[in-house]
Amino acid sequence: MKTKKIYTAIVLAAGSGNRMKSEVPKQYLPLAGKPLIYYALKAFEESEVDDIVLVTAPSHEEYCKKEIIERYGLNKVKAIVAGGDERYLSVWSGIKAATNADYVLIHDGARPFIDNDLIARIMDMVALEGACTVGVPAKDTIRVVDSNNYGIHTPDRSTLWQVQTPQAFSYSVIAAAYEQVIAAGGCIPTDDAQVLELATGQKSKMIEGSYRNIKVTTPEDLLVANCYVNE
Ligand code: CTP
Ligand code: MG
């Protein structure tokens, strides 16, 4: 009888990093001498997760294997798989490669500052809730605008959270949700909890993460990332 639950981290690194406007895809840009993607992989390597699936562009699989996984001894990376043209298609590739998992933690490889404490909290929470998301309370007022940029609605800030990753789910539930949303077509989800809601109506529990868990997206984020990594 199987009792120990298997937790698999799916680390996404198949994006093209358009907003970073750099020659080298942002996930490979150096941060304190190591490729940016190394930091998220290392955090999961040192955590209690059982294994890691790395999702990357097909042409980068060999580079990732030699220059990142082998070079830094990231032994929990059990598979490197090719992603798709949109984030949700890359997640789907990762899910299909994680068939042994009871729970998956889906993480943006462009978020280097997750730590063991956060990973441990999300592992505990997903076992209780079946679906959970890391985020932080919005600091700024958020306005909804119309197609001409006129503000039309200001949601109550106390109800607004900025969504981060990891997002963690029971494997069978998120796999079925992704399969259903992809088969239905017609939308490009940017968030995994959104896929679950669309497919099943199931809510994800929000866990308070850290304002440091930034997604390196535009050039100024790299300045911040360099400050954090050199502290
Ligand atoms: N990602 C992915 N596959 C895609 C798109 C994104 O695996 N087709 C990954 C990125 O590599 C990143 C994470 O999803 O780790 C979050 O996406 P984002 O920050 O938007 O990265 P990019 O899509 O690469 O950047 P941009 O949107 O500026 O092009
Ligand atoms: Mg993107």
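This text goes with the structure placed above it.
Computed from a prediction, not measured in an experiment: that's the story for all the values here.

## Observations concerning the pairing of strand S4 (residues 51–56)
(1) Moving on: Of all six residues making up S4, six are buried, and the element is well covered by its neighbours.
(2) Moving on: Every second residue of S4 is oriented toward a common face, with Asp51, Val53 and Val55 on one face and Ile52, Leu54 and Thr56 on the other, all of them buried.
(3) Moving on: Examined bridge by bridge, strand S1 (residues 7–13) and S4 share six bridges and lie parallel to one another. Among the inter-strand pairings, Thr8 is bridged to a residue of S4, identified as Asp51.

## A short note on the site of ligand 1
(1) Moving on: Residues in contact with ligand 1 amount to 18 residues; listed here are only the nearest, Gly17, Asn18, Arg19, Ser90 and Lys215.
(2) Moving on: Between ligand 1 and Asn18 there is a distance of 2.7 Å, counted from an oxygen atom to a backbone nitrogen or oxygen.
(3) Moving on: Lys26 places a polar side-chain atom, nitrogen or oxygen, 2.8 Å from an oxygen atom of ligand 1.
(4) Moving on: The protein chains hide 89% of the 560 Å² of surface that ligand 1 would expose on its own.
(5) Moving on: Mapped onto the shell around ligand 1, the elements with two or more residues apiece are S1 and helix H3 (87–97).

## Quick look at helix H4 (residues 116–129)
(1) Moving on: Taking 1.5 Å of rise per residue, the 14 residues of H4 would be expected to cover 20 Å, and the 20 Å separating its terminal C-alpha atoms lies within 8% of that figure.
(2) Moving on: Along H4, the residues that are buried comprise Leu118, Ile119, Ile122, Met123, Met125 and Val126.
(3) Moving on: Where H4 is buried, its residues contact S1, helix H1 (36–45), strand S6 (103–108), strand S7 (131–137), strand S10 (161–170) and strand S11 (205–208).
(4) Moving on: Between the side-chain oxygen of the N-cap and the backbone nitrogen of Asp117 there are 3.3 Å, and the N-cap of H4 in question is Asp115.

## Quick notes on the sheet that holds S11
(1) Moving on: Here we have seven strands laid out as an open sheet, ordered S5-S4-S1-S6-S10-S7-S11, and mixed in their pairing. In the strand order of this sheet, the two ends are held by strand S5 (77–82) and S11, each with one partner. The sheet shows a mean angle of 25° between the axes of neighbouring strands, taken without regard to direction.
(2) Moving on: As paired strands, S4 and S5 are joined by five bridges and run parallel to one another. Note that in S5 the partner of Thr56 across the bridge is Ala82.
(3) Moving on: Against the sheet, H1 makes contact with S1, S4, S5, S6 and S10, and its axis sits at roughly 180° relative to S1, the strand it touches most.

The rules we used
Residues numbered from 1 in each chain as written. Chains lettered and ligands numbered in written order. Predicted model: local features only at pLDDT ≥ 70, side-chain atom pairs only at ≥ 80, totals over all residues. Heavy atoms only, no water. Buried < 20%, exposed > 50% of the residue type's maximum accessible area, 1.4 Å probe, protein only. Helix = DSSP H or I, 4+ residues; strand = E, 2+ residues; numbered from the N terminus. Pairing = 2+ DSSP bridges. Near = heavy atom within 4 Å. Polar contact = N/O pair within 3.5 Å; in protein donor to acceptor, adjacent residues only side chain to side chain. Areas by Shrake-Rupley, 256 points an atom, 1.4 Å probe, with all protein chains shown as cover. Expected span 1.5 Å × (residues − 1). Contact = heavy atoms within 4.5 Å. Axes fitted to C-alpha atoms, helices over the stretch in contact; angles between N-to-C directions.

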